[in-house]
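So you can see what is in the structure, the chains are spelled out below.
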Amino acid sequence: MSLVRLVRVCGIVGYVGHRPALDVVLGGLRRMEYRGYDSAGVAVLDGAGALTVERKAGRLANLEGRLDEVGRERFGGTAGMGHTRWATHGAPIDRNSHPHRDASERVAVVHNGIIENFAALRAELEADGVEMASDTDTETAAHLVARAYTEGDTKGDLTASVAAVCRRLEGAFTLVVTHADHPDTIVAARRSSPLVVGVGDGEHFVASDVAAFIEHTREAVELGQDQLVVITREGYDVLDFHGDAAQAKPFTVDWDLSAAEKGGHEYFMLKEIEEQPEALANTLRGHFESGRIILDEQRISDQDLRDVDKVFVVACGSAYHSGLVAKYAIEHWTRLPVEVELASEFRYRDPVLDRDTLVVAVSQSGETADTLEAVRHAREQKARVLAVCNTNGAQIPRESDAVLYTHAGPEIGVASTKAFLAQIAANYLVGLALAQARGTKYPDEVAREFAELEAMPAAVQKVLSTVEQVRDLGRRIADSKAILFLGRHVGFPVALEGALKLKELAYMHAEGFAAGELKHGPIALIEDGLPVVVVMPSPKGRAVLHSKLVSNISEIQARGARTIVIAEEGDETVRPFADELIEVPAVPTLLQPLVSTVPLQVLAAEIARARGYDVDKPRNLAKSVTVE
Ligand code: AGP
């Protein structure tokens, strides 16, 4: 039996209250299935000393079918928990699915994260005669809790038993534990992995994401590092791993259930593309008062910002692309060098950092392990860290010196859209806050740049009103073998983002290039009929860039490329070179990515739909990658 450390980006939900627990837990898992969908399972305490568990590999629907087979009436009771899993390695099979139980089957555990020292713990248990039923690290936690509960100085005390086990675990984990002896109690613990409490009326929840309980309550509590929470019908208690009372932070979730539904769209992603004007407006709202830019939580003084002599932006995927876009603006506004780094590379290249370095960590989920570890490395090097995040209370903002939350609302589609645009806007706010603190822009200039940002939601709305042409194009080129994307200046990261969207949604080869690089190799890829998307700058902006890109288009057209040009409305110069012309509103040069990205999102989604793929849950992916 191979030992596998199943490191996951799972959905977890626990409930104690007055409703049938099975219904509440399954409802919560459904709202989190985007987090991972390789297997699912539930455990329900029936109040008469029974703990009933069912779990199934594959999508949540497989588990629901299984529950119908065995009879849902077996799952009575008003306390229970559930889990959906994204496996990184090790087959997603029934016996590796959560919940895991001890040998007596009186303890059940669900888990997200990785128990680094599970091999030693497993060996210890096996030396004690414990027979493992799975290949997972999680099962060791179930056996350890059962042993702590039945012997030693934590005997009979579930909370103390869980605390004692947590003190022995190394690594990042969210654990949720139930015991048949305690049908009205659930104990949960967190270390560097998402866990929030839902506070209802006569009912309480624990979950990896507020989406799990948002239909029941919007009052939540953010747990801190190395904290336990005990929930019952009546209330919740927060403790540290030594059992002492600890402080946690209540907050109100600023979106409701409808926001987490599809709003009549076939896919969440399509709804989220439409929500981009609102996401931008909500992200900008409240950040300009009395003529000044203000951040959400700024534990970095203006003097510290003035001392900054270098900026890093660290992120992954689309968040990384938002950093590449922001680099142009932040350098232009602040005259500071800005390095944009893939978080997964950042700490391994031994970057030059010190207390005058500002590291901007961009993350929609706030739980991405690569970015979280980059944040930790930066802080070890005494650099100051500012998080740009879309998830209240996530680990990355918790470990940062300052936070600027994007308010894109829940982004359920695995491919990032509204969060990406909101990240660009937030990164711009960081740039303006730096320019303001350092005096590289006068207050009236900051005010003018902010006013231009505030006009962007309307510009994006205008783009959305013309995307039917893009959908039609997507259907017509859905069978292409590959699509290339070209751009210059801020259009280059837009080309990268367009290629990423196509790769992750349509599983099609796509590549983004700096257009100036074409002649240094990639032009060899051009062949007859190959679609090439070109992101044009404004003819009224950097005219030299515009003319060079027109030359690039004629070079590829001469070699048979099918040119798809995203250009500013009224750009007649480029029209003769465009086999397909997609017009976007005229906006300031640095803000163009906010309008030129949208057609590329729609194009990729439409091609994926034409190919019959699940736009919200692309194969092999998960919404938040909490593994390195
Ligand atoms: C974006 O479409 C992708 N799903 C992915 O690249 C994502 O942007 C990346 O994993 C970073 O996620 P984060 O913003 O939650 O840190």
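Scope of this entry: the structure provided in the associated data block. (Residues numbered from 1 in each chain as written. Predicted model: local features only at pLDDT ≥ 70, side-chain atom pairs only at ≥ 80, totals over all residues. Heavy atoms only, no water.)

### Here we look at the sheet that holds strand β5 (residues 100-101)
Pairing between sheet strands relies on hydrogen bonds along the backbone, with the strands arranged either parallel or antiparallel. One open sheet holds the six strands; their spatial order is β5-β6-β7-β8-β12-β13, and the pairing between them is antiparallel. Looking at strand neighbours, the two that pair on one side only are β5 and β13 (236-240), the edges of this open sheet. (Pairing = 2+ DSSP bridges. Helix = DSSP H or I, 4+ residues; strand = E, 2+ residues; numbered from the N terminus.)

### Focus: the sheet that holds strand β24 (residues 509-514)
The parallel open sheet is built from five strands, whose spatial order is β24-β23-β25-β26-β27. Both edges of this open sheet fall to β24 and β27 (580-584), since each of them pairs with a single strand only. Within this sheet the neighbouring strands show an average axis-to-axis angle of 20 degrees, counted without direction. Pairing between strand β23 (residues 482-487) and strand β25 (residues 531-535): four bridges, direction parallel. Residue pairing for β25: Leu484 is matched across the bridge by Val532. Against the sheet, helix α16 (residues 468-476) touches β26 (562-568) and β27, its axis set at about 150 degrees to β27. In this fold helix α18 (residues 543-557) packs onto β23, β25 and β26, with an angle of close to 175 degrees to the strand it touches most, β25. (Axes fitted to C-alpha atoms, helices over the stretch in contact; angles between N-to-C directions. Contact = heavy atoms within 4.5 Å.)

### Overview of the nonpolar core
Counting 91 residues, the largest nonpolar core has Tyr428, Phe485, Leu502 and Ile607 as the members making the most contacts within it. For this core, the element with the most residues is helix α13 (residues 418-438), which contributes 13 residues. Sequence-distant contacts of Tyr428, defined by excluding residues within four places in its chain, comprise Val325, Ala326, Ala329, Trp333, Leu453, Leu590 and Leu591. (Core = buried A, V, L, I, M, F, W, Y, C linked by side-chain atoms within 4.5 Å. Buried < 20%, exposed > 50% of the residue type's maximum accessible area, 1.4 Å probe, protein only.)

### Side note on the site of the ligand
Lining the immediate environment of the ligand, one finds 15 residues, of which Ser363, Gln364, Ser365, Thr368 and Glu504 sit closest. In this structure, an oxygen atom belonging to the ligand sits 2.8 Å away from a main-chain N or O atom of Ser416. Mapping the ligand onto the cavity grids shows that it belongs to the second largest pocket. Within the residue set of the shell around the ligand, elements represented by two or more residues are α9 (317-334) and α17 (491-506). Residues belonging to the shell around the ligand are distributed by class as follows: five nonpolar, eight polar and two charged. (Near = heavy atom within 4 Å. Polar contact = N/O pair within 3.5 Å; in protein donor to acceptor, adjacent residues only side chain to side chain. 1 Å grid on protein atoms, 1.4 Å probe; cavity = no way out; pocket = protein on both sides within 12 Å on 5 of 7 lines; lining within 4 Å. Sits in = over half its atoms within 2 Å of the grid points. Nonpolar A, V, L, I, M, F, W, Y, C, P; charged D, E, K, R; others polar.)

### Brief notes about the packing of aromatic side chains
Tallying each qualifying case throughout the model produces seven aromatic pairs. The interplanar angle of 15 degrees and the centroid separation of 6.2 Å between the aromatic rings of Phe173 and Phe241 together place this pair among those described as stacked. Of the two residues, Phe173 sits in strand β7 (residues 171-179) while Phe241 sits in the loop between β13 and β14 (249-252), which places them 68 residues apart along the sequence. Its relative accessible area of 0% is what places Phe173 among the buried residues. A ring pair is formed by Phe205 and Phe213, whose centres lie 5.6 Å apart and whose planes are at 35 degrees; its orientation type is tilted. Each member of the pair, Phe205 together with Phe213, is buried. Cluster of aromatic residues (ring-pair linked, three or more members): Tyr15, Phe205 and Phe213. (Phe/Tyr/Trp six-rings, centres within 6.5 Å; stacked < 30°, edge-to-face > 60°.)

None of this, on its own, says anything about what the molecule does.
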